[in-house]
Amino acid sequence: MPQNAIAEKLDKARKELLDLGLRNPLLNYHTLKARGLEIVREQPVPIFCILVRNGKTMSFIPTKEKSDEGLIEQPDELTEEEKQVHYNDLRLQTPYDSARLQSRLLTTYQTSRTFIEEQGVNALYLALGMLCWYDADSSQEKRRAPLVLIPVELERANTTERFHLNYTGEEIGTNLSLAAKLKSEFGIDLPSFADSDDLDLPTYFAAIEQATEGQQRWSVEHEAIALNLFSFAKFLMFRDLDEAMWSEDTKPSSHSLIKALLQDGFCEPPLTITEEDHL
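Within each chain, residue numbers correspond to sequence positions counted from 1 in written order. Since the coordinates come from a predicted model, pLDDT governs what is reported: local features require at least 70, and pairs of side-chain atoms require 80 or more to be given and counted, while whole-chain, interface and lining totals use all residues. To obtain the side-chain values, all non-hydrogen atoms of the structure were used and water was disregarded.

### Side note on the pattern of salt bridges
Close approach of charged atoms allows side chains of opposite charge to pair. A pair is scored as a salt bridge if a Lys or Arg side-chain nitrogen falls within 4 Å of a carboxyl oxygen belonging to Asp or Glu. Going through the model one piece at a time under the given rule, you end up with seven salt bridges. Where Glu141 meets Arg143, a salt bridge forms, and the shortest distance between an N and an O atom there is 3.3 Å. Only protein chains enter the calculation, and the probe is 1.4 Å; a residue is then buried if its accessible area is under 20% of its type maximum, exposed if over 50%, and partly exposed in between. The class of Arg143 is buried, set by a relative accessible area of 9%. The residue Arg144 makes a salt bridge to Glu221 at a minimum N-O spacing of 2.7 Å. Of the two residues, Arg144 sits in strand 7 (residues 143-155) while Glu221 sits in strand 10 (residues 219-229), which places them 77 residues apart along the sequence. The helix and strand labels rest on DSSP assignments: H or I over at least four residues marks a helix, E over at least two residues marks a strand, and numbering proceeds from the N terminus.

### Here we look at helix 8 (residues 256-264)
Buried within helix 8 we find Ile258, Ala260 and Leu262. Note on helix 8: the residue one or two positions beyond its end, Gly265, has a positive phi of about 80 degrees.

### A short note on a nonpolar patch on the surface
Nonpolar side chains collect at one region of the surface, where Leu257, Leu261 and Phe266 lie side by side and expose about 340 Å² of accessible area between them. Counting through the fold element by element, Leu261 comes out in helix 8. The residues that make up patches have over 30% relative accessible area and no salt bridge, and they are joined within 9 Å when like-charged or within 5 Å when they are Val, Leu, Ile, Met, Phe, Trp or Tyr. Residue exposure ignores everything except the shown protein chains as possible cover, and the areas themselves are Shrake-Rupley values with a 1.4 Å probe.

### Digging into the nonpolar core
For this analysis, a nonpolar core means a set of buried residues of the types Ala, Val, Leu, Ile, Met, Phe, Trp, Tyr and Cys, connected via side-chain atoms within 4.5 Å. Ranked by internal contacts, the top residues of the largest apolar core, which has 45 residues, are Phe60, Leu126, Leu131, Leu165 and Leu227. The contacts of Leu165, once residues within four sequence positions are left out, are Leu51, Lys56, Thr57, Met58, Phe60, Leu92, Leu126, Val152, Glu153, Leu154 and Leu227. Ranked by size, the runner-up nonpolar core spans nine residues in total, among them Ala127, Leu149, Ala224 and Ala226. Contacts are residue-level and defined by heavy atoms, with any inter-residue pair within 4.5 Å sufficient.

### A word on the environment of Thr57
As for its position among the elements, Thr57 is in the loop between helix 2 (44-53) and strand 2 (58-62). The partly exposed category is assigned to Thr57, whose relative accessible area is 32%. Between the C-alpha atom of Thr57 and that of His164, which follows or precedes it by 107 residues, the distance is 6.4 Å. Those residues in contact with Thr57 that sit more than four places away from it in its chain are Leu90, His164, Leu165 and Asn166. Of the polar contacts made by the side chain of Thr57, one reaches the side chain of Asn166; its length is 2.4 Å. Nitrogen and oxygen atoms within 3.5 Å of one another constitute a polar contact, given that in protein one can donate a hydrogen and the other can accept it, and given that sequence-neighbouring residues count only through two side-chain atoms.

### A short note on the side chain of Arg144
In this structure the side chain of Arg144 is engaged in a polar contact, spanning 2.7 Å, whose partner is the side chain of Glu221. Residues within four places of Arg144 in sequence aside, it is in contact with Pro25, Leu27, Asn28, Tyr29, Met130, Leu131, Cys132, Trp133, Glu221 and Ala224.

### Considerations on the packing of aromatic side chains
The pairing test for Phe, Tyr and Trp rings, Trp by its six-membered ring, is centres within 6.5 Å, and the orientation test on the planes gives stacked under 30 degrees, edge-to-face over 60, and tilted for anything in between. According to the stated counting rule, one finds seven aromatic pairs in the structure shown. With centroids separated by 6.2 Å and ring planes inclined at 80 degrees, the aromatic side chains of Trp133 and Phe186 adopt a geometry described as edge-to-face. With Trp133 in strand 6 (residues 124-133) and Phe186 in helix 5 (residues 176-186), the pair connects residues that are 53 residues apart, well separated along the chain. Here Trp133 and Trp218 contribute two aromatic rings whose centre-to-centre distance is 6.1 Å and whose plane-to-plane angle is 65 degrees, an arrangement assigned as edge-to-face. Highlighted residues: Trp133 in strand 6 and Trp218 in the loop between helix 6 (201-211) and strand 10, separated in sequence by 85 residues. Classification of Trp133 by relative accessible area gives buried; the value is 1%. One aromatic cluster is present, built from ring pairs that chain together Trp133, Phe186 and Trp218. Comment: the charge-over-ring label is applied if NZ (Lys) or CZ (Arg) is within 6 Å of the ring centre and within 35 degrees of the ring normal. When the ring centre of Tyr109 is taken as origin, the NZ or CZ atom of Arg156, which lies over that ring, is 6.0 Å away.

So, in structure tokens, the structure goes:
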């Protein structure tokens, strides 16, 4: 079998690792009832700088409070100067009252820990920016897909302390499922993703808007921010098996085990006993 035929079979197997169905939250994101958080009245750029570039810890605050009259939302009538102070402090605003906020954080924390213990990988990410897209021009249901995903962790000193958010230091990623979906079904190439040191969020979001400008009703939510679990284990395998990620002499399709798996099979050593031998 020619080398390019092995590479084609390997590429076909790679694509089977991608979940391009609409149950995948990387393609059709919804906030769940009990876990995950929406972040409101914040800006992605300051959060990215605080968590990633400055390596600082952030906390969460509610924007609603309970009273005898029910839930009261804190007013958002702030001056531009006051808004800038909020954008650059270390507290992330959420659309919940204090009790619900802590409940959602606890459930999110426990689920993320279980994921690490059972699968050995972190699945908790802070999503910055969302692409709003539609299956077809006739579709009435808007889908939302995260654009930039920061691997993070929730931690607290003890059960009486409040939760804090930290960047884990792992690689910041783009949405590989979305890139594959747009490429295979719409012929759209997502723009290249810069290293975290060089990443400019507004420029990246603008490049996505330009790449998708031919699609009716599609848009980018620049200020969308969400904390939730996204499974990337298969997508990391998908990326690692990409021939373009390897030098010419180390490509997976050239590896002896891959060749045996996809081409010639594995050669077993000859048996040293026969059917007549008494074991």
